[in-house]
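An overview of the molecular structure
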Amino acid sequence: METVGTHIRSIADMQRKRSELVADGSAGGRRVTVTCNADGVPIDVVFADDIDDLDYDDIAAAVLEAAQEAAVKVVAMAEDLLAPVRAARAELPSLSSLVEGMPDVRTNVPELQRASFESKAVRTRFATGDDAASRPRSVIDSE
């Protein structure tokens, strides 16, 4: 039982540390920097003084690219933080080894699937088979 208590405390500590993670991503020639929190949510956007060298479409694309870069970085940081907890959990006996007839939950739980970084418009095009070249890239392109 002491091992389980230690494991629970390490999970709580990891969750606290994870909640404090942030990561930055930059794009548009480093004119756009986005900071994402541990959940991959943008919490800050900074434009360089020369942002006006980019047009609106380029700024929008750079914000998206920088946010995605920051989100990927923070997920990797969280995975690194989780690694020791996962290793310790793997050493604990499973419930199915302690209770006869209990299914092994570890093998029956599906893997978490990561959300797509593709825009809704791109996902719709893939689903419907529309040709991307014939569609506007943004609202500005459709005017």
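Residues numbered from 1 in each chain as written. Predicted model: local features only at pLDDT ≥ 70, side-chain atom pairs only at ≥ 80, totals over all residues. Heavy atoms only, no water.

1. A look at the overall build of the chain
If you tally the helices and strands in the chain, you get 5 helices and 3 strands. Along the chain, from the amino end to the carboxyl end, the secondary structure elements read α-β-β-β-α-α-α-α. Across the 143 residues that make up the chain, the buried fraction comes to 21%. (Helix = DSSP H or I, 4+ residues; strand = E, 2+ residues; numbered from the N terminus. Buried < 20%, exposed > 50% of the residue type's maximum accessible area, 1.4 Å probe, protein only.)

2. Section: the confidence of the model for the chain
Put simply, the chain has an average pLDDT of 81, and 78% of its residues get 70 or more. For the chain, per-element mean pLDDT is lowest for helix 4 (residues 105-108), which scores 67, and highest for strand 1 (residues 22-27), which scores 98. Within the model, pLDDT remains below 50 along residues 138-143, and this stretch shows 6 contacts once partners closer than five positions in the same chain are excluded. (pLDDT = per-residue confidence, 0-100. Contact = heavy atoms within 4.5 Å.)

3. Notes on unusual backbone geometry
Residue R30 is not a glycine yet carries a positive backbone phi of 65 degrees. Counting through the fold element by element, R30 comes out in the loop between strand 1 and strand 2 (32-37).

4. Notes on the nonpolar core
Membership of the largest hydrophobic core is limited to 12 residues, which are A27, V32, V34, C36, I51, L54, I59, A62, A66, A67, A70 and A71. At the level of secondary structure, the elements contributing two or more residues to this core comprise strand 2 and helix 2 (56-91). Ranked by the residues each element gives to this core, the list is headed by helix 2, at 6 residues. (Core = buried A, V, L, I, M, F, W, Y, C linked by side-chain atoms within 4.5 Å.)

5. Things to note about the sheet that holds strand 2
Strands in a sheet are paired, the pairing made by backbone hydrogen bonds, and the direction either parallel or antiparallel. Reading across from one edge, 1-2-3 is the order of the 3 strands in this open sheet, with antiparallel pairing throughout. With one partner strand each, in any of the chains shown, strand 1 and strand 3 (42-47) form the two edges of the open sheet. Sheet twist, expressed as the mean angle between neighbouring strand axes with direction ignored, is 20 degrees. With 6 bridges connecting them, strand 1 and strand 2 associate as antiparallel partners. Note on strand 2: the bridge partner recorded for A27 is V32. Along the sheet, helix 2 contacts strand 1, strand 2 and strand 3; its crossing angle with strand 1, the most-contacted strand, is approximately 145 degrees. (Pairing = 2+ DSSP bridges. Axes fitted to C-alpha atoms, helices over the stretch in contact; angles between N-to-C directions.)

6. A look at the pattern of salt bridges
Throughout the structure, instances matching the rule amount to 8 salt bridges. Notably, a salt bridge pairs D50 with R31, separated by 3.4 Å at the nearest N-O pair. Taken together, the residues span a long stretch of sequence, with D50 in the loop between strand 3 and helix 2 and R31 in the loop between strand 1 and strand 2 at a distance of 19 residues. Using a relative accessible area of 33% as the deciding quantity, one classes D50 as partly exposed. Overlapping salt bridges, with partners in common, bring together D13, R16, K17 and E20 in one network. (Salt bridge = Lys/Arg side-chain N within 4 Å of Asp/Glu carboxyl O.)

7. Focus: helix 2
Here helix 2 contains 36 residues, and its C-alpha end-to-end distance of 53 Å stays within 8% of the 52 Å for a straight helix at 1.5 Å per residue. Taken together, the buried positions of helix 2 are D57, I59, A62, A66, A67, A70, A71, V74, A78, L82 and V85. The N-terminus of helix 2 is capped by D55, whose side-chain oxygen sits 3.2 Å from the backbone nitrogen of D57. (Expected span 1.5 Å × (residues − 1). Polar contact = N/O pair within 3.5 Å; in protein donor to acceptor, adjacent residues only side chain to side chain.)

8. Examining the environment of V75
With respect to the helices and strands, V75 occurs in helix 2. For V75, a relative accessible area of 32% puts it in the partly exposed group. Expressed as a C-alpha distance, the spacing of V75 and C36, which sit 39 residues apart in the sequence, is 10.0 Å.

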